[in-house]
Amino acid sequence: QSESIKEVKEKCKTLTTEIDQLKQDKRNKTLRITGLPEKGVENVAARVAELARTMNVDIKETDIENAFRVGKKTGVAQNEPRLIIAIFSRQAAKKAFYMGRTKLKKYSAPVFINEDLTPARSEPAMKARKMVKEKKAENTWTIDGAVFIKFANKDKPKRFITIEELNSVANE
C-alpha cells in the first residue's frame, strides 16, 4: 500500500519535531551568556560562578560542568566579549542561574543570559523579541526550550515552539 503525499509530509513533520525535541533535550543544562567582559587568560567557569554571586544565586564552580568562550578574538569586534557557553552539572543549577538573570540590570556591563535553543526554536524566539521591540507584544521569554509571549490585551502568555505556532497565537 502506498501512502499519500499528504501522509508522508505529515510523518516528516512529526519526525522533524521529534528530532528537534531530542536536540533541545540535549541542551537542557546549557546557557548562552553574552556581554560578560573578558579578563585576559581566564577560568571561564570561575567567571560564570562569579557572575552567579553578583546575581545572589548559589552556584559554585563545581555546579558548572564546562564553560568556554566561542569565536575568535580578532577584527572589529575585538573589544566585544565573546559568547560563553555554560554547561551546568545539574538542571536545577542551570534553572537557578537562569532565573537569576533578572538581577543583571544592576550589573555594570550589559550581560544577557539565554537558553541554548536549537536553530528551529531560536528563529521564533528572535521573531518574538522583534515583536516586543515593535510594541506588538508586551514581553517574551523561554523556559525549557519553549518560547512564551505575552500580549498586552491577553490575560495569559502563549506558549509556542515553531514560527507557525507563533504566527497562529499572534493572530488570535
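Since the structure is predicted, the reported quantities are computational estimates derived from the model, not experimental observations. (Residues numbered from 1 in each chain as written. Predicted model: local features only at pLDDT ≥ 70, side-chain atom pairs only at ≥ 80, totals over all residues. Heavy atoms only, no water.)

A. Region of the structure containing the pairing of strand 1 (residues 30–34). By the bridge criterion, 4 bridges tie strand 1 to strand 3 (residues 83–88) in an arrangement that is antiparallel. In the sheet register, T30 faces strand 3, and the bridge partner there is I87. As defined by bridge partners, strand 1 adjoins strand 4 (residues 112–115) across 4 bridges and the pair is classed as antiparallel. Among the inter-strand pairings, I33 is bridged to a residue of strand 4, identified as I113. (Pairing = 2+ DSSP bridges. Helix = DSSP H or I, 4+ residues; strand = E, 2+ residues; numbered from the N terminus.)

B. Here's a closer look at the sheet that holds strand 3. The 4 strands are arranged 2-3-1-4 in an open sheet whose pairing can be described as antiparallel. Of all the strands in the sheet, just strand 2 (64–70) and strand 4 have a single pairing partner and so form its edges. Along the sheet, successive strands turn relative to each other by an average axial angle of 20°, direction set aside. (Axes fitted to C-alpha atoms, helices over the stretch in contact; angles between N-to-C directions.)

C. Layout of the packing of helix 4 (residues 119–133) against helix 5 (residues 163–170). The contact between helix 4 and helix 5 brings their axes to 9 Å, and the two run at 30°. Relative to helix 5, the element helix 4 lies roughly parallel. Side by side, helix 4 and helix 5 meet where E123, P124, K127, A128 and M131 of the first sit next to I163, L166, N167 and A170 of the second. Its residues assigned to classes, the contact of helix 4 with helix 5 shows 6 nonpolar, 1 polar and 2 charged. (Parallel < 35°, antiparallel > 145°, perpendicular 65-115°, else oblique. Contact = heavy atoms within 4.5 Å. Nonpolar A, V, L, I, M, F, W, Y, C, P; charged D, E, K, R; others polar.)

D. Structural view of the packing of aromatic side chains. Counting across every chain of the model gives 2 aromatic pairs. Here F88 and F97 contribute two aromatic rings whose centre-to-centre distance is 5.3 Å and whose plane-to-plane angle is 45°, an arrangement assigned as tilted. By relative accessible area, F88 is classed as buried at 0%. Residue classification places F97 among the buried positions, given a relative accessible area of 0%. With 5.8 Å between their ring centres and 5° between their planes, W141 and F148 make a pair best called stacked. (Phe/Tyr/Trp six-rings, centres within 6.5 Å; stacked < 30°, edge-to-face > 60°. Buried < 20%, exposed > 50% of the residue type's maximum accessible area, 1.4 Å probe, protein only.)

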